[in-house]
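Reading the structure
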Amino acid sequence: MSAIISINENGTGDLIIWPIPFTNQINITSEGTFIQEVQIHDLAGKLVLSTKQVGTNQLDVTHLTSGIYQITVIDEFGIRTVRQVQKVSE
């Protein structure tokens, strides 16, 4: 079973991330704005993925091991962070 995370902070456009937990791909959309960059950090704070190529809104995360991650999305509304997003094995 998977879920969707939707964030709307102070009237900014919705930031939607799915599926949660994720396996090999994660989808990110930011309603009403262009995503400029996505960063994924592990719980130790180490940057494990950074991309400015988010045109398709799909990120390949097959190289990440199972665990808990923090996703940061940068768009025209600023920096928005989702904590404790889980990757699981297939």
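Residues numbered from 1 in each chain as written. Predicted model: local features only at pLDDT ≥ 70, side-chain atom pairs only at ≥ 80, totals over all residues. Heavy atoms only, no water.

**A look at the sheet that holds strand β8 (residues 78–87)**
Strand pairing in a sheet takes place through backbone hydrogen bonds and is either antiparallel or parallel in direction. If you trace the 4 strands from one edge of the open sheet to the other, you get β5-β4-β7-β8, paired in antiparallel fashion. The strands lining the two open edges of the sheet, one partner per strand, are β5 (47–51) and β8. With direction set aside, neighbouring strand axes in the sheet form an average angle of 15 degrees. Examined bridge by bridge, strand β7 (residues 67–75) and β8 share 8 bridges and lie antiparallel to one another. Opposite T72, over in β8, you have T81 as the bridge partner. (Pairing = 2+ DSSP bridges. Helix = DSSP H or I, 4+ residues; strand = E, 2+ residues; numbered from the N terminus. Axes fitted to C-alpha atoms, helices over the stretch in contact; angles between N-to-C directions.)

**Section: the pairing of β5**
When strand β4 (residues 35–42) meets β5, the two strands line up antiparallel, connected through 4 bridges. Residue pairing in the sheet places Q39 in a bridge with S50 of β5. Where β4 hands over to β5, the hairpin turn is made up of 4 residues, of which G45 adopts a positive phi near 90 degrees.

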